[in-house]
Amino acid sequence: MKKHSARVAPLSACNSPVLTLTKVEGEDRTRESVVGTTDVQSAGAAGTESGTNRGRLHCCIRVTAVQAQKALWGVAMVMCVCSSWAGSTQLAKLTFKQFDAPFTLTWFATTWNCLFFPLYYIGHVCKSPERQTPRQRFRECCRFFGDDGLTPKVFFTKVAPFGLLWILTNYLYLQALRKINTTDASALFCCNKAFVFLLSWIVLRDRFMGVRIVAAILAIAGIVMMTYADGFHSHSVIGITFVVASASMSALYKVLFKMVLGSAKFGEAALFLSIVGSANFVLISFVPVILYFTHVEYIGSPADIPWGHFCGVAALIFAFNVLVNFGIAVTYPTLISLGIVLSVPVNAMVDLYTCEINFNTVRLIAVFIICLGFLMLLLPEDWDQCIIQLSTKLRKRDEPAEGSAEPGATTGLNWRGRSRTSMSTFTH
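Bear in mind the structure is a predicted one, so any value in this text is a computation, not a measurement.

Participant: Help me understand the side chain of Ser186, please; the structure alone is not making it clear to me.
Facilitator: Locating Ser186 in the fold gives a position in helix α8 (residues 182–189). Here Thr183 takes part through its backbone oxygen, which lies 3.1 Å from a polar atom of the side chain of Ser186. A distance of 3.3 Å separates a polar atom in the side chain of Ser186 from a polar atom in the side chain of Asn347. Discounting chain neighbours no more than four positions away, the residues touching Ser186 are Tyr173, Ser343, Val344 and Asn347.

Participant: Would you mind showing me how to read the nonpolar core here?
Facilitator: Side chains of nonpolar character tend, in soluble globular proteins, to be buried together. Residues Leu188, Met226 and Val243 are the most contacted members of the largest nonpolar core, which totals 64 residues. Those residues in contact with Val243 that lie beyond four places of it in its chain are Leu172, Tyr173, Ala176, Ile180, Ala185, Leu188 and Phe189. Judged by nonpolar contacts, the second largest core, of 28 residues, contains Phe117, Leu165, Phe272 and Val276.

Participant: Before we go on, may I ask you to explain the pattern of salt bridges in this structure?
Facilitator: Oppositely charged side chains may form a pair once their charged atoms are brought near each other. All told, the structure shown has three salt bridges when counted by the stated rule. Among the ionic pairs, Arg178 bridges to Asp100, the shortest N-O distance being 2.6 Å. Of this pair, Arg178 sits in the loop between α7 (152–177) and α8 while Asp100 sits in the loop between α3 (49–95) and α4 (102–111), and the two are 78 residues apart along the sequence. Here Asp100 falls in the partly exposed class, since its relative accessible area comes to 34%. One salt bridge in this structure joins Arg363 and Asp184, with 3.1 Å as the shortest N-O distance. Placement of the pair is Arg363 in helix α16 (residues 361–377) and Asp184 in helix α8, with a sequence separation of 179 residues. With respect to class, Arg363 is no different from Asp184; both count as buried.

Participant: What exactly am I supposed to notice about the packing of helix α6 (residues 134–142) against helix α12 (residues 266–283) here?
Facilitator: Working note: a packed helix pair is described by the angle between its axes plus the distance between those axes. Contact geometry for α6 and α12: axes closest at 9 Å, N-to-C directions at 95 degrees. The orientation of α6 relative to α12 falls into the category roughly perpendicular. Facing Phe138, Cys141 and Cys142 of α6, the residues of α12 in contact are Gly267, Glu268 and Leu271. Residue classes in the contact of α6 with α12 are distributed as four nonpolar, one polar and one charged.

Rules used throughout
Residues numbered from 1 in each chain as written. Predicted model: local features only at pLDDT ≥ 70, side-chain atom pairs only at ≥ 80, totals over all residues. Heavy atoms only, no water. Helix = DSSP H or I, 4+ residues; strand = E, 2+ residues; numbered from the N terminus. Polar contact = N/O pair within 3.5 Å; in protein donor to acceptor, adjacent residues only side chain to side chain. Contact = heavy atoms within 4.5 Å. Core = buried A, V, L, I, M, F, W, Y, C linked by side-chain atoms within 4.5 Å. Buried < 20%, exposed > 50% of the residue type's maximum accessible area, 1.4 Å probe, protein only. Salt bridge = Lys/Arg side-chain N within 4 Å of Asp/Glu carboxyl O. Axes fitted to C-alpha atoms, helices over the stretch in contact; angles between N-to-C directions. Parallel < 35°, antiparallel > 145°, perpendicular 65-115°, else oblique. Nonpolar A, V, L, I, M, F, W, Y, C, P; charged D, E, K, R; others polar.

So far we have only geometry, and geometry alone does not tell us how the molecule works.
Right, here's the structure in full:
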């Protein structure tokens, strides 16, 4: 049995989307790489130049088709993640106008996590050739927690703390929606990416990257400017504090999960989230009851509760968590993260249409700085090497054009050829 703490990868916590289980290990990627390697080896064993060329062409076509498929899935994922996150934010804001109960809504939405493992098992039965019973699959996924499985000690030491962080993340975000508009809340929540990097750099000893330090500074500057945009009023300062605390809880959740449990496969991640939802239903149900009888979150009768809005918010949050945690099975994690940052302009358009926000210059600059920092954090670890390699390839492409001129050619022809080459390089 491998220790999960040994499976920690550098900067994987920072590359993970919001509230995902840090890094979900898929089985399809290894199969694709094995197939590609087999094709190349079989082509090389033919011993003829034509066979080798055919094998390389076949491998390139297959790799291109896989990348194109992932790109198409990525576009669909970006739209789905953006719509689910922006939709849940807008619907939650609308729900609080009828029933101001952020914790009850958090408890209700978290309970829907119980559906993760049943939905995963249905997919396992439909896709896997080796079908297992629910009990067998449950026991196999429980090995993620250790050799003894899910014991009471493991639950209270390795599961309950993450369930508490999950509830705090959602509750603080919903509390912020009661104080500030959805555009500011969604933009400020993007700062969790910078917090993840800072915590992973300090706790996990990840590699230092100057561009991500700059992104973290931009995120902090955006928070200060967002506070200044409303003139440091009490309600806006409290709302900004809530959403920044929510982003901090999200970052702490991901970094601690990476440090304590490592990475999870699809079944293990689904089981973990289902356990969090079940524990929320069993252990936290008394809190909404207490809030009801103390008139903190009170409503006249259960019939007056907007169940349609409640179920809509819970369904959208559940769909968002499904896409974020398991979307890397069909596309790249960076594309999933783009859906989160694209929810900011979507919320801004809705707020502008409903006239609930004043887009002054300071607010626009703050939103732009936070989104820019978020996008900078999506850069790969070797982004500087990729730029150097690209510039080297461009230089090598220019050299044959300059040296291909004949000795008897005039200087005018040489200059015309150089200008075309440099112009094409600049436009691309």
